[in-house]
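Each chain, letter by letter, is given below.
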Amino acid sequence: MEKISSNKTIAKNTLFLYGRMLFNLVVSLYTSRVVLQVLGVNDLGVYQVVAGIVAMFTFVNGSLAGATSRFLAFELGKNDSQRLAVVFVK
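The structure contained in this document is the topic of the report that follows.

Quick notes on the rules
- Residues numbered from 1 in each chain as written.
- Predicted model: local features only at pLDDT ≥ 70, side-chain atom pairs only at ≥ 80, totals over all residues.
- Heavy atoms only, no water.
- Helix = DSSP H or I, 4+ residues; strand = E, 2+ residues; numbered from the N terminus.
- Rg over C-alpha atoms; globule rule 2.2 N^0.38 Å.
- Buried < 20%, exposed > 50% of the residue type's maximum accessible area, 1.4 Å probe, protein only.
- Areas by Shrake-Rupley, 256 points an atom, 1.4 Å probe, with all protein chains shown as cover.
- Lys, Arg positive; Asp, Glu negative; His and termini not counted.
- Charge placed at Lys NZ, Arg CZ, Asp CG, Glu CD.
- Phe/Tyr/Trp six-rings, centres within 6.5 Å; stacked < 30°, edge-to-face > 60°.
- Lys NZ or Arg CZ within 6 Å of the ring centre and 35° of its normal.
- Salt bridge = Lys/Arg side-chain N within 4 Å of Asp/Glu carboxyl O.
- Patch = residues over 30% accessible without salt bridge, like charges linked within 9 Å, V, L, I, M, F, W, Y side chains within 5 Å.
- Contact = heavy atoms within 4.5 Å.

1. As for the overall build of the chain
Next up, step 1: Tallying secondary structure elements over the chain gives 2 helices and 0 strands in all.
Next up, step 2: Expected size for 90 residues packed as a compact globule is a radius of gyration near 12 Å; at 23 Å, the chain overshoots this value by more than 25%.
Next up, step 3: The principal-axis extents of the C-alpha atoms in the chain amount to approximately 60 × 55 × 10 Å.
Next up, step 4: Taken over 90 residues, the chain has a buried fraction of 3%.
Next up, step 5: Split by element, the accessible area of the chain, about 8,200 Å² in all, is 69% carbon and sulfur.
Next up, step 6: Measuring between centres, the 9 positive side-chain charges of the chain sit 8 Å from its 4 negative side-chain charges.

2. Considerations on the packing of aromatic side chains
Next up, step 1: Applying the stated criterion across every chain, the model contains 0 aromatic pairs.
Next up, step 2: Seen from the ring of F71, R70 lies directly overhead, with NZ or CZ sitting 5.0 Å from the centre.

3. Description of the pattern of salt bridges
Next up, step 1: Taken as a whole and assessed by the stated rule, the structure comprises 1 salt bridge.
Next up, step 2: A salt bridge links E75 to R83; the shortest N-O distance between them is 3.7 Å.
Next up, step 3: What makes E75 buried here is its relative accessible area of 4%.

4. Let's talk about the environment of F74
Next up, step 1: Tracing the backbone shows F74 in helix α1 (residues 2–78).
Next up, step 2: Sequence separation of F74 and L84 is 10 residues, and the distance between their C-alpha atoms is 8.8 Å.

5. A closer look at a nonpolar patch on the surface
Next up, step 1: A grouping of V49, I53, M56, F57, F59, V60 and L64 is seen on the molecular surface, where their side chains present a nonpolar patch of about 720 Å² in accessible area.
Next up, step 2: Assignment of secondary structure puts F57 in helix α1.
Next up, step 3: On the accessibility criterion, F57 (53% relative accessible area) is exposed.

6. Here we look at unusual backbone geometry
Next up, step 1: Within the chain, N79 stands out as a residue other than glycine whose phi angle is a positive 60°.
Next up, step 2: Structurally, N79 is set in the loop between α1 and α2 (81–89).

7. Some points on the side chain of E75
Next up, step 1: As for its position among the elements, E75 is in helix α1.
Next up, step 2: Beyond its immediate chain neighbours, meaning those up to four positions away, E75 contacts D80, R83, L84 and V87.

This is the structure in structure tokens:
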């Protein structure tokens, strides 16, 4: 009985994800049309360069946060407060 409920949940989540993906597609297509219309071709290039730099820094920030979280969690798991302090300060 529990397997049927689990399969229904998976199917429902899949449909919701497809709906969200379709919604995001429509919004992004409309947004790109409006941005191109408002900024023009030349300013759109500048906009894309700035957006690329922001995306790059967001990726680097996420990578560094994940690495820091990993090292802190490792030292917390060892339950060594002195090493944790060293990792936290550096």
